[in-house]
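An overview of the molecular structure
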Protein chains: 2
Amino acid sequence: MKIIVQKYGGSSVADAEKIKAVAVKISKKLKEKAKLVVVVSAMGKTTDNLIKLAKEVSNKSVPRELDMLLTTGEQVSASLLAMALNDIGIKSKSLNAFQAEIMTTGDYMQARIKNLKAKRIKDLLKENDALIVTGFQGITEDGEITTLGRGGSDTSAVALAVALNAKCEIYSDVAGIYTTDPRLHPAAKKLKYITYDEMLEMSSLGAKVLHSRSVEIAKKFGITIYCGSTFSDEEGSYVMKNNIEQPIVSGLSVMDHQTQVTLSNLPMDNNLVQQIFEKVAREGLNVDMISVISNSGLNISFTIVEEKKSHVAKALTLILKDMKGFNIHYNSGYSKISIVGIGMKSSSGVASKFFKALEKVPLSLVTTSEIKISCLVEEKFKEKTVKALVTAFDL
Amino acid sequence: MKIIVQKYGGSSVADAEKIKAVAVKISKKLKEKAKLVVVVSAMGKTTDNLIKLAKEVSNKSVPRELDMLLTTGEQVSASLLAMALNDIGIKSKSLNAFQAEIMTTGDYMQARIKNLKAKRIKDLLKENDALIVTGFQGITEDGEITTLGRGGSDTSAVALAVALNAKCEIYSDVAGIYTTDPRLHPAAKKLKYITYDEMLEMSSLGAKVLHSRSVEIAKKFGITIYCGSTFSDEEGSYVMKNNIEQPIVSGLSVMDHQTQVTLSNLPMDNNLVQQIFEKVAREGLNVDMISVISNSGLNISFTIVEEKKSHVAKALTLILKDMKGFNIHYNSGYSKISIVGIGMKSSSGVASKFFKALEKVPLSLVTTSEIKISCLVEEKFKEKTVKALVTAFDL
């Protein structure tokens, strides 16, 4: 039995008409003599509206109850899509996470899938053409309802594709993966192929195409992910092991609202550095663009998202409370701009081309990995930086 | 451990402000040194809006998917109420039907509770002050999601009260049970006590106060139900075994949009009568006010709700296709008006008083039970009939 896992994002199921159009799209796919398992997100702005409602009720965040609340969104879209399919004569059933047995850890709002045997799905596929599974959500062994974090429906889809040994297709209102966000930069080019590592760098850098956990799972199990447009037949992009085309630089991503944290004149103490990043990580904060320079004293610089500033400041004050003579600065209003490409590994001169392109932009921080170069610039220089890089690397 | 089961209807949790007010009401109740299990309906018009959405997607009714869809409504209100309680420092968790283990039959849209051990609720009550349980819904042994029918949250509450050996309090925007609908007849009187049987007659007659299945369960297990107002401290009504006050007639109920079906001149054949009602019942239709008179031929008259007319006509045409010489009439635009009272059993003269009060109203059909007299009148006589009965029986 050939099985295809498809995932439709929130804008693809935003209203009754779109849900009916998705049903028609599914009916066409069934003609390929495959059975479909379809993962859906919540309709349009549902999740945002539910979060707004929660804030009206309480200022405190109660992660367990937020997950109870938010998971209703996908149950609504899943049942409606199953109805639309039945309406056009396709045998279909919707399943929530508990019914689909998507077992996760108990970390509310950021649970990880532990186990997905898909036994019931396999059984039900015998007598149904398409099963609709609620994305984004899971269930613990104790029957607690969890969510996989914003964008987690991608991860639900890839995990199901692994469990069912199926193809994986992810549909949204964007026709694939672009060198940079096509909504901001109309000249952005669509990539036909991108490797897992490139995609991971892209999505962890804020390029909102795929949930990064979904790419990690696809990489681990060697699942090729096709990303295409829900409502057009335009060819999309493939996320896979090898980038057949291997351009040096595949993409550019931009992350706004960055705060640069700079600690200078600290005592030379590797233990201290470790303490700082451990403490900050324990607070659940991602630090990024870390630069540590030992000179006469120790200088540490890293970036965080602006809204976490007070959190980080609190944590640092605690660690450094007995120390004297050092300086600490928080500078907000920055954008992080990165170029990513598996080809960088084997191609020299990328860094020099990068600096040459940006010679007129004041760079506050630059960090590099094997396949990525990132720079931090004041937001007012963002446009200029993006244009210069797009031109230099032909993105 | 003293446990109280409370149920709040949709209008009591219609928005964030009301949910917060319910949380405060619960916090006051907790001062009685009790633990609370709170059953909630969906917020305000949520269920109607979801049904509307389903109709936009498909004209066909798919009961399984409708239940998947509608059960999200209570999960939203339950999680929001749990958040509001946590916000004011009350330890609280929400549970959906699967988590609360409310086991039902597999009859979608009209499931019946089979088993409610409430083991998990008892465990969770040890470390929580209030548990919020989604009303209206259940789960089958196969993990299928079901609903108990419109108004089913009352039944969830009473069943939980039975399982937990608890008091049962049902709150809504009406301060108790009235002799007739106070929204239509401002002179309606609130009853302090009403028996299960009276309440059953009232609710099956369309007096929208309690889901009739909830009263059946309360009767079976001897649970007293208190019905009160969510947002006022006005004393409500008790549904219990004995009506301490025992008025002869406790209430009056009105059901609009009735169609009278009359079959005349049928052959005298009890088997045929049985066939007719069996077939109609199998279509899931409630017939009411049945009157069968054998004279020279057989005459059958009964009422159905107007919207089921074409359904019934189809069923009858099929049964009677080989017969000749009979007549069949469908007359719509009727109201059914009933008076109910446990006191009728032991009090003579109620029927004569009834007919005397209505001597100027053309009655199309009259049926009686031990504690009820119902009449069918054209809708234009409804007002007159209600006034006459309210006056005659001091309702």
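Keep in mind that what you see is a predicted model, and the values were worked out from it rather than measured. (Residues numbered from 1 in each chain as written. Chains lettered and ligands numbered in written order. Predicted model: local features only at pLDDT ≥ 70, side-chain atom pairs only at ≥ 80, totals over all residues.)

Quick look at the overall build of chain A now. In terms of regular secondary structure, chain A is built from 12 helices and 20 strands. Taken against the 2.2 N^0.38 rule, which gives 21 Å for 395 residues, the C-alpha radius of gyration of chain A at 23 Å falls within 12% of a compact globule. Dimensions along the principal axes, computed over C-alpha positions, put chain A at roughly 75 × 45 × 35 Å. Sequence separation of at least 24 residues holds for 75% of the intrachain contacts in chain A that already meet a minimum separation of 6. (Helix = DSSP H or I, 4+ residues; strand = E, 2+ residues; numbered from the N terminus. Rg over C-alpha atoms; globule rule 2.2 N^0.38 Å. Contact = placed C-beta atoms within 7 Å.)

Before going further, it helps to examine the nonpolar core. Membership of the largest hydrophobic core comes to 213 residues, with the highest contact counts inside it found for A:L81, A:L160, B:L81 and B:L160. Split by domain, the residues of this core number at least three in each of domain 1 (3-173) and domain 2 (251-392) of chain B. Ignoring anything within four residues of it in the chain, the contact list for B:L160 reads B:V5, B:V37, B:V39, B:L116, B:A118 and B:V133. (Core = buried A, V, L, I, M, F, W, Y, C linked by C-beta atoms within 7 Å. Buried ≥ 20, exposed ≤ 12 C-beta atoms within 10 Å, placed from the backbone. Domains from an automatic or database assignment.)

So, about the packing of helix 1 (residues 16-30) of chain B against helix 3 (residues 63-87) of chain B. Residues and elements named next belong to chain B. Helix 3 packs onto helix 1 with a crossing angle of 60° between their chain directions and a minimal axis gap of 9 Å. Here helix 1 lies oblique to helix 3, going by the angle between them. Both helix 1 and helix 3 take part in a crossing whose hand is right-handed. For the pair helix 1 and helix 3, contact is made by I19, K20, V22, A23 and I26 and by L80, L81, A84 and L85, respectively. Here the residues of the contact of helix 1 with helix 3 sort into eight nonpolar, no polar and one charged. (Axes fitted to C-alpha atoms, helices over the stretch in contact; angles between N-to-C directions. Parallel < 35°, antiparallel > 145°, perpendicular 65-115°, else oblique. Left-handed = near helix turned anticlockwise from the far one by under 90°. Nonpolar A, V, L, I, M, F, W, Y, C, P; charged D, E, K, R; others polar.)

The transformation that overlays chain B on chain A combines an axial shift of 0.1 Å with a rotation of 179°, and the residual RMSD is 0.2 Å. This pairing of chains is accounted for by a two-fold axis. Minimal C-alpha distance to the rotation axis in chain B is attained by B:T72, lying at 2.6 Å. In this assembly the copies share their binding face: 100% of the residues contributing to the interface of chain B also contribute to that of chain A. (Least-squares fit on C-alpha atoms with pLDDT ≥ 70 in both.)

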